[in-house]
Amino acid sequence: DAGVTQSPTHLIKTRGQQVTLRCSPKSGHDTVSWYQQALGQGPQFIFQYYEEEERQRGNFPDRFSGHQFPNYSSELNVNALLLGDSALYLCASSSRKRNQPQHFGDGTRLSIL
Amino acid sequence: AQTVTQSQPEMSVQEAETVTLSCTYDTSENNYYLFWYKQPPSRQMILVIRQEAYKQQNATENRFSVNFQKAAKSFSLKISDSQLGDTAMYFCAFIIYGQNFVFGPGTRLSVLP
């Protein structure tokens, strides 16, 4: 039973570029949440997707957008990259029907030059 | 605002000894869940222990146990018989059902041989 998988594991971009990160949830999970973890800090909630719609959003600008597909996988898109966007981006999945903690992927390390 | 505070940025403990990591949180909700996650350098977030706020009995998981004081909004983690593999960042977090994690800033624990 595969857990949460994220791709790529590491990405290098320059300021102003756009990036897309991908996440496949754990089998049986239908909800995907994205978190940004800056170096030396705790993860910060970006947004959550369920039934292909954004259901909740944290305090992040519109440059951060996402999508969920019918197979429950999800993408995180960031436009007009800034140096401050350098971070580990974590995806977590869960099931709406079951009262279980979210399962985290290994994350994508995004470096902005 | 919902917040989590971890007042110890770094801690160290000798192998086989006991260490306690502190955590306080703030929420006006009555039903929530509390967690301790471990994040080794491999960066995967690993669930250590979980506590439902409605349960008075403190959760235990092998060498890990918590001291949950709901009125004081305190949730400390005790690690007994510390092992070298316990070296990691430890994050305290809570989640209100249907919402998303609020994480603390983390405590870096080093287990010394």
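These numbers were taken from a predicted model, which means no experiment stands behind them. The residue numbers shown here count from 1 along each chain, following its written sequence. Chains and ligands are labelled sequentially in the order written, the chains with letters from A and the ligands with numbers from 1. Predicted model: local features are reported for residues with pLDDT of at least 70 only, side-chain atom pairs are reported and counted for 80 or more only, and whole-chain, interface and lining totals are derived from all residues. Hydrogens and water molecules were not included; the side-chain quantities draw on all heavy atoms of the structure.

### Section: the nonpolar core
- Buried Ala, Val, Leu, Ile, Met, Phe, Trp, Tyr and Cys residues that are joined via side-chain atoms within 4.5 Å together make up what is termed a nonpolar core. With a 1.4 Å probe rolled over the protein chains alone, any residue whose accessible area is under 20% of its type maximum counts as buried; one over 50% counts as exposed, and the rest are partly exposed. In this structure, Tyr25(B), Trp36(B), Phe75(B), Leu77(B) and Tyr90(B) are the most contacted members of the largest nonpolar core, which totals 27 residues.
- Helical segments are the DSSP runs of H or I of at least four residues, strand segments are the runs of E of at least two, and each set is numbered from the N terminus. Ranked by residue count, the leading element in this core is strand β10 (residues 88-96) of chain B, at five residues.
- Here a residue-residue contact requires only that any non-hydrogen atoms of the pair lie within 4.5 Å. When near neighbours in sequence (up to four residues on either side) are disregarded, Phe75(B) contacts Cys23(B), Tyr25(B), Leu34(B), Phe35(B), Trp36(B), Gln51(B), Val66(B), Asn67(B), Phe68(B) and Cys92(B).
- Membership of the second largest hydrophobic core comes to 20 residues, among which are Leu21(A), Val32(A), Leu76(A) and Ile112(A).

### Quick look at the pattern of salt bridges
All names here are of chain B.
- By salt bridge we mean one thing: a side-chain nitrogen of Lys or Arg within 4 Å of a carboxyl oxygen of Asp or Glu. Summed over all chains, the structure comprises eight salt bridges over all chains.
- Across the salt bridge formed by Glu52 and Arg50, the nearest N and O atoms sit 3.8 Å from each other.
- By relative accessible area, Arg50 is classed as buried at 19%.
- Lys55 is the salt-bridge partner of Glu52, the closest N and O atoms lying 4.0 Å from each other.
- Classification of Glu52 by relative accessible area gives buried; the value is 14%.
- You can call Lys55 partly exposed: its relative accessible area is 39%.
- Each of Arg50, Glu52 and Lys55 takes part in a single network of salt bridges with overlapping partners.

### With respect to the packing of aromatic side chains
- Think of it this way: a Phe, Tyr or Trp ring, Trp meaning its six-membered ring, pairs with another when their centres are within 6.5 Å, and the plane angle makes it stacked under 30 degrees, edge-to-face over 60, tilted otherwise. For the coordinates displayed, the defined rule picks out 20 aromatic pairs over all chains.
- With centroids separated by 6.5 Å and ring planes inclined at 50°, the aromatic side chains of Tyr35(A) and Phe101(B) adopt a geometry described as tilted. With Tyr35(A) in strand β4 (residues 31-37) and Phe101(B) in the loop between β10 and β11 (102-103), this residue pair bridges two chains.
- On the basis of relative accessibility, which here comes to 0%, the residue Tyr35(A) falls in the buried class.
- Of the residues examined, Phe101(B) reaches a relative accessible area of 3% and is grouped as buried.

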